[in-house]
Amino acid sequence: MRDSIHLCFVRQWKWFVVLLILISSVVIWQWYTNSRVTYVSEVIVEFRSQGTKTKLNPGLSLKEGFFNQDVRSSAIWYSTLSRSPELINELVLIVQKKLPTLNHSKLRSMMQVEWVRRTAGMILRIEHKDLANSTYIVNEWARVFVSHIAKQRKLEVTQAIKKIKKILKPAAEKLRNLEDQKLVIEKKTIISLPN
């Protein structure tokens, strides 16, 4: 028996080396993944504007959302916008002042977005190995994201006002013409005929 075990080790030594390498690599990989600590910082961004109570909604004090869209389409739009390349480029320029090694692809891989169900809010998450850096990045991300949305909404409202003014200009002209015609009609003398 002892000779057979000895012959097995002598003849099949390559397999034992391969097995030893596999076992050690699994142990090292497990140690590396368990020893690597990452922190997750998150910010909840809610898109609400102060509303007024009406007869139709006497108990409601807040109106949800900027849009007259349903929650699902708003969630898709906001989630896409929060990780858009132009927003990330703007965020990278700000964050690189404190973390110069951070680039666009690294930042994008750390970013996570989750929509909060049945609300007009979303959670922005950053996963990083340093708690202070993850907190800094997620706060800057929220600030840049909200200011980016505010700029877009301001642009949309300005464009809508311009369109409305274009529509109202001809209507105001027609109204002036009608008022002029009314004045002409009122100035005419009325002739009463005998019965």
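What counts, and at which threshold
Residues numbered from 1 in each chain as written. Predicted model: local features only at pLDDT ≥ 70, side-chain atom pairs only at ≥ 80, totals over all residues. Heavy atoms only, no water. pLDDT = per-residue confidence, 0-100. Helix = DSSP H or I, 4+ residues; strand = E, 2+ residues; numbered from the N terminus. Contact = heavy atoms within 4.5 Å. Buried < 20%, exposed > 50% of the residue type's maximum accessible area, 1.4 Å probe, protein only. Polar contact = N/O pair within 3.5 Å; in protein donor to acceptor, adjacent residues only side chain to side chain. Core = buried A, V, L, I, M, F, W, Y, C linked by side-chain atoms within 4.5 Å. Patch = residues over 30% accessible without salt bridge, like charges linked within 9 Å, V, L, I, M, F, W, Y side chains within 5 Å. Areas by Shrake-Rupley, 256 points an atom, 1.4 Å probe, with all protein chains shown as cover. Salt bridge = Lys/Arg side-chain N within 4 Å of Asp/Glu carboxyl O. Phe/Tyr/Trp six-rings, centres within 6.5 Å; stacked < 30°, edge-to-face > 60°. Lys NZ or Arg CZ within 6 Å of the ring centre and 35° of its normal.

Engineer: Would you mind going over the confidence of the model for the protein chain with me for this structure?
Structural biologist: Caution applies to low-pLDDT parts of the model: their predicted coordinates are not meant to be read in detail. Taken over all residues, the pLDDT of the protein chain has a mean of 77, while the share at 70 or more is 69%. Across the protein chain, the secondary-structure element scoring lowest on mean pLDDT is strand β3 (residues 62-64), at 42, and the one scoring highest is helix α4 (residues 85-95), at 92. In the predicted structure, residues 50-69 sits below a pLDDT of 50 and forms 32 contacts with residues beyond four places in sequence or in another chain.

Engineer: Can you walk me through the side chain of Arg 153 in this structure?
Structural biologist: For Arg 153, the location among the structural elements is in helix α6 (residues 131-187). Judged by relative accessible area, Arg 153 falls into the buried class, the value being 18%. Looking at Arg 153, its side chain comes within polar contact range of the side chain of Glu 156, at 2.2 Å.

Engineer: For this particular structure, what's the right way to read the nonpolar core?
Structural biologist: The nonpolar side chains of a soluble globular protein tend to be buried with one another. Core analysis: the biggest nonpolar cluster contains 26 residues, and Leu 107, Leu 124, Ile 137, Trp 141 and Phe 145 have the highest contact counts within it. Within the residue set of this core, elements represented by two or more residues are β1 (39-46), α3 (71-82), α4, α5 (104-110), β4 (111-116), β5 (121-128) and α6. Ranked by the residues each element gives to this core, the list is headed by α6, at 7 residues. Ignoring sequence-local partners within four residues, the contact set of Trp 141 consists of Ser 82, Arg 83, Leu 87, Leu 91, Met 111, Gln 112, Val 113, Leu 124, Arg 125 and Ile 126.

Engineer: Looking at this structure, I do not really get a nonpolar patch on the surface. What am I missing?
Structural biologist: Taken together, the side chains of Phe 16, Leu 19, Ile 23 and Val 27 define a hydrophobic patch exposed on the protein surface, amounting to about 360 Å² of accessible area. You can see Phe 16 is positioned in helix α2 (residues 13-35). Assessed through its relative accessible area of 34%, Phe 16 is described here as partly exposed.

Engineer: Would you mind showing me how to read the packing of aromatic side chains here?
Structural biologist: The geometry of an aromatic ring pair comes down to the distance between the two centres and the angle between the two planes. The tally for this structure, following the rule as stated, stands at 0 aromatic pairs. A cation over a ring is seen here: Lys 98 above Tyr 136, with NZ or CZ 4.5 Å from the ring centre.

Engineer: Explain the pattern of salt bridges to me, please; I cannot follow it from the model alone.
Structural biologist: Working definition: two side chains of opposite charge can pair if their charged atoms are close together. For the coordinates displayed, the defined rule picks out 5 salt bridges. For Glu 114, the salt bridge goes to Arg 125, with nearest N and O atoms at 2.8 Å. In this pair, Glu 114 sits in strand β4 while Arg 125 sits in strand β5, placing the two residues 11 residues apart along the sequence. With a relative accessible area of 35%, Glu 114 lands in the partly exposed category. Of the residues examined, Arg 125 reaches a relative accessible area of 18% and is grouped as buried. Between Arg 176 and Glu 173 there is a salt bridge, with its nearest N and O atoms 2.8 Å apart. Pair noted here: Arg 176 and Glu 173 are both in helix α6, with a separation of 3 residues, about one helical turn. Beyond isolated ion pairs, a larger network of salt bridges with shared partners links Glu 42, Glu 114 and Arg 125.

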